[in-house]
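# Per-entry structural report
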Amino acid sequence: MKKNPAGLLRASDVGRKVTLAGFVHRVRDHGGLTFLDLRDSTGLVQVVFSPGTSAEAHSAAREVRPEWVVVVEGEVRKRPPGTENPALPTGDVEVAGESITVLSRALPPPFPLEDEPGVEEVTRLYHRYLDLRRERMQRNLWLRARVVSALRRQLEERGFLEVETPILTKSTPEGARDFLVPSRLQKGSFYALPQSPQLFKQVLMASGVERYYQVARCFRDEDLRADRQPEFTQLDMEMAFAEEAEVQQEVELALARAFRDVLGVDVEHPFPRLTYEEAMSRFSSDKPDLRYAEEIFDITQASLGEGVPRVLAGPAASGGVVRGLVVPAGFTRAEAESWGAEARGAGLGGVLPVWQEGGGIRSPAAAHMGEGFLMALRAASALGEGEGLVLVAGEETRVAAFLGGLRTRLAGAGRLRRLRDWAFCWVTGFPLLEWDEREGRYVSVHHPFTCPVPEDEEKLEKEPLAVRARSYDLVLNGVELGGGSVRIHRPDLQRRVFSLLGIGEEEAESRFGFLLRAFSHGVPPHAGIALGVDRLVMLMAGEENIRAVIAFPKTSSGQCPLTGAPSAVDEAQLREVGVSFRREA
């Protein structure tokens, strides 16, 4: 069927005969005239049916209902003066309907599609085919497609080769649980769905592919949240003969291209770079949101001197930290009391509020603040007239968690000074390893194939927790888009790291043997990154949940209301793959 795009009709089309096909968005029967808004993937346009144009078409139009699928033929004309709709791109024109054919009838929709539905998400996901018809969801789908297209164009122009890696692969747990698939031909054996293409892209580096990328589907069986799904899409990249700066440059060019082509936004690059220590000190987060001017300041040293309130001096003298955050428009005493209760619940001594009023300091502890401490406080905070700040003292990780959370909430409420709409940054200098108390062993902060900083290699066995990683995270507006690293390409170094992680020779061969064999035949130094496409599109679309930019997502419990997955399978299917269930006692 050859049809015209409904949403692209303009005044220049007046006088044209058109054929439109789509969904009936709205019907308004005014007796002598019937108005029908017709919607397709390009938008909607008003169609007018009158007995004077076609009595048969007018009669048929009065019978249709919202979400029926119809074909309309008619002539484009200007809307009568005073009836234009400036809210619609097609608002200057309408179509005089000469015929209408019903292709498909529809039940009344369970929720309105023209407005944001005030219904539970599970209901919308159950009827996802209706939910996706909404303008917002159509816009998100198009946005996602255009973002991926822009990324692909940029990488291909820069000499990257797209290579697909297996979906059915070997189980090599990388921090989350694998989704397992039983094999019918090799009973008792299982495939795993890939958590990432990590091992395969490193094998590709040993295969002579110097610049690889893939828009890859990945699967992780882990607890879900607003920015996490059991199956997700990432932009996977790897470069041979490359170090950190080269990977970061290619990522910056690709993202700048996507923002320019899709949103018409020029993103400044290179992106700012912060060490992990800087990010935690200035923003109390390893995912710092640089859109806002207010940073967390440290006044620990000044709190060790004279004229310091006891609530600050005690924790500082005991090895804790004293940090603060300015709230530009100030805050009420009731708010300060609420924050104090929250801080005490987090194992801190509360908060000390300070206000700048009439050129002086007002605080419950103002009488205990010496001039030296006040000078240091003003210098660290740059507190202005009418502004307030909160000071928190205690163990560093707890202070950081509290102030980081408070900064995020204040920013979300519009109470911090916003400097920009889009703020990328790289966070570097992460430790290579951390100690897992539950497992009683060292674990990788990034993954087992991350290269240590060369000058720290000698510390691997002596001071494992002091070894820094050649890793880097990319953050946008306080959301981690992804992470990457320079990879280990020397088999001897890889075995040393495996040993620290408690992975012996036999386990290493069982889990990663194919990678180690590839490396024994020569492999270039290489580095790469993986970026979350769903998270990127979520931010670009202004959404708060990645389910809004995924066509068919799962709920927070990992279910698909549309299809009913996961579901039971019959015994015959289980027998065919050699699987049986044991009833728990």
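The preceding data block contains the structure.
Conventions we followed
- The residue numbering used here restarts from 1 in each chain and proceeds along that chain's sequence as written.
- Two thresholds apply to this predicted model, a pLDDT of at least 70 for residue-level local features and 80 or more for giving and counting side-chain atom pairs, whereas whole-chain, interface and lining totals are computed over all residues.
- Each side-chain value is worked out from all heavy atoms of the structure, with water and hydrogens disregarded.
- Under this scheme, a helix contributes an axis fitted over its contacting stretch, all axes are lines through C-alpha atoms, and angles between N-to-C directions fall in the 0 to 180 degree range.
- In this description a helix means any DSSP run of H or I spanning at least four residues, a strand means any run of E spanning at least two, and both kinds are numbered starting from the N terminus.
- Any angle from 65 to 115 degrees is called roughly perpendicular, while one under 35 is roughly parallel, one over 145 is roughly antiparallel, and all others are oblique.
- When the near helix sits turned anticlockwise from the far one by under a right angle, the crossing is termed left-handed; a clockwise turn instead gives a right-handed crossing.
- Between two residues, a contact is recorded if the distance between any of their heavy atoms is within 4.5 Å.
- Under the scheme applied here, ten amino acids are nonpolar (Ala, Val, Leu, Ile, Met, Phe, Trp, Tyr, Cys and Pro), four are charged (Asp, Glu, Lys and Arg), and all others, including Gly, are polar.
- A pair of strands is considered paired only if DSSP assigns at least 2 bridges between the two.
- Any Lys or Arg side-chain nitrogen located within 4 Å of an Asp or Glu carboxyl oxygen qualifies as a salt bridge.
- Think of it in three bands: residues with accessible area under 20% of the maximum for their type are buried, residues over 50% are exposed, and the middle band is partly exposed, with areas taken using a 1.4 Å probe on protein chains only.
- Defined by distance alone, a disulfide is two cysteine sulfur atoms within 2.5 Å.
- Polar contacts here mean pairs of N or O atoms no more than 3.5 Å apart (in protein, one a potential hydrogen donor and the other a potential acceptor; neighbouring residues in sequence count only if both atoms are side-chain atoms).
- Classification of ring pairs rests on two measures: the distance between centres of Phe, Tyr or Trp rings, Trp counted by its six-membered ring, which must be within 6.5 Å, and the angle between planes, read as stacked under 30 degrees, edge-to-face over 60 and tilted in between.

### Focus on the packing of helix H5 (residues 198-205) against helix H13 (residues 505-519)
The N-to-C vectors of H5 and H13 enclose an angle of 15 degrees; their axes lie 9 Å apart at closest approach. The orientation of H5 relative to H13 falls into the category roughly parallel. H5 and H13 meet at a crossing whose hand is left-handed. On H13, the residues that touch Leu-199, Gln-202 and Val-203 of H5 are Phe-512, Phe-514, Leu-515, Ala-518 and Phe-519. Across the contact of H5 with H13, the residue classes break down as 7 nonpolar, 1 polar and no charged.

### Concerning the pairing of strand E19 (residues 441-444)
The pairing of strand E18 (residues 433-436) with E19 spans 4 bridges and is classified as antiparallel. The residue of E19 that forms the bridge with Trp-435 is Tyr-442. Adjacent in sequence and paired antiparallel, E18 and E19 are bridged by 4 residues, among which Gly-440 carries a positive phi angle near 65 degrees.

### Focus: the sheet that holds strand E14 (residues 352-357)
Read from one edge of the open sheet, 5 strands run E12-E13-E16-E14-E15, paired in antiparallel fashion. The open sheet is flanked by strand E12 (297-298) and strand E15 (360-362), the only strands paired with a single partner. Where E14 meets E15, 3 bridges bridge the pair, whose relative direction is antiparallel. Across the sheet, the residue bridging to Glu-357 is Gly-360, located in E15. Strands in contact with helix H8 (residues 310-317) are strand E13 (321-327), E14 and strand E16 (388-394); relative to E16, the strand with the most contacts, it is inclined by about 40 degrees.

### Focus: the pattern of salt bridges
One pass over the full model with this rule turns up 55 salt bridges. A salt bridge links Arg-496 to Glu-461; the nearest nitrogen and oxygen atoms lie 2.8 Å apart. Within this pair, whereas Arg-496 is found in helix H12 (residues 491-500), its partner Glu-461 is found in the loop between E19 and strand E20 (471-476), the two being separated by 35 residues in sequence. Taking the shortest distance from any N to any O, the salt bridge between Glu-509 and Arg-517 comes out at 3.0 Å. Residue class for Arg-517 comes out partly exposed when judged on its relative accessible area of 48%. Shared partners join several salt bridges into a network, and the residues in it are Arg-153, Glu-157, Arg-257, Arg-260 and Asp-261.

### Description of the pairing of E13
Of all the 7 residues making up E13, 7 are buried; the element is thus mostly covered by neighbouring parts of the structure. Of the two faces of E13, the one carrying Val-321, Arg-323, Leu-325 and Val-327 and the one carrying Val-322, Gly-324 and Val-326 are both buried. Note: E12 against E13, 2 bridges, orientation antiparallel. From the neighbouring strand, Asp-298 faces E13, where its bridge partner is Arg-323. For E13 and E16, the ladder comprises 7 bridges, and the chain directions are antiparallel.

### Some points on the sheet that holds strand E1 (residues 17-29)
The sheet built from 5 strands closes into a barrel, its strands ordered E1-E2-E3-E5-E4 with mixed pairing. The mean angle between the axes of side-by-side strands here comes to 55 degrees, regardless of whether they run parallel or antiparallel. Pairing of E1 with strand E4 (residues 69-78), which is carried by 7 bridges, proceeds in the antiparallel orientation. Paired with Gly-22 across the two strands is Val-70, which belongs to E4.

### Quick look at helix H14 (residues 533-541)
Among the 9 residues in H14, 8 count as buried, and that is most of the element. Residues Val-533, Asp-534, Arg-535, Leu-536, Val-537, Met-538, Leu-539 and Met-540 constitute the buried set of H14. Check the buried side of H14 and you find it contacts helix H4 (135-157), strand E10 (231-240), helix H6 (244-263), E20, strand E21 (479-486) and strand E22 (526-532). Downstream of H14 by a residue or two, Gly-542 has a phi angle that is positive, lying close to 75 degrees.

### A short note on the state of the cysteines
In total, this model carries 0 disulfides according to the counting rule given. Cys-218 takes part in no disulfide bond, and the closest cysteine sulfur, belonging to Cys-560, lies 19 Å away.

### Some thoughts on the side chain of His-25
Here His-25 is to be found in strand E1. Within the structure, the side chain of His-25 is placed 2.7 Å from the side chain of Arg-39, a separation counted as a polar contact.

### As for the packing of aromatic side chains
By the definition in use, this model includes 12 aromatic pairs. On the basis of an interplanar angle of 5 degrees and a centroid distance of 4.4 Å, the ring pair of Phe-271 and Phe-424 is categorised as stacked. One end of the pair, Phe-271, is in the loop between H6 and strand E11 (273-275); the other, Phe-424, is in strand E17 (residues 424-428), with 153 residues separating them in the sequence. Assessed through its relative accessible area of 3%, Phe-271 is described here as buried. Residue class for Phe-424 comes out buried when judged on its relative accessible area of 5%. Arranged with centres 6.2 Å apart and planes meeting at 80 degrees, the rings of Phe-449 and Phe-498 form a pair that is edge-to-face. You can see Phe-449 sitting in the loop between E19 and E20 and its partner Phe-498 sitting in helix H12, a full 49 residues away along the chain. As far as burial versus exposure is concerned, Phe-449 and Phe-498 are alike and both buried.

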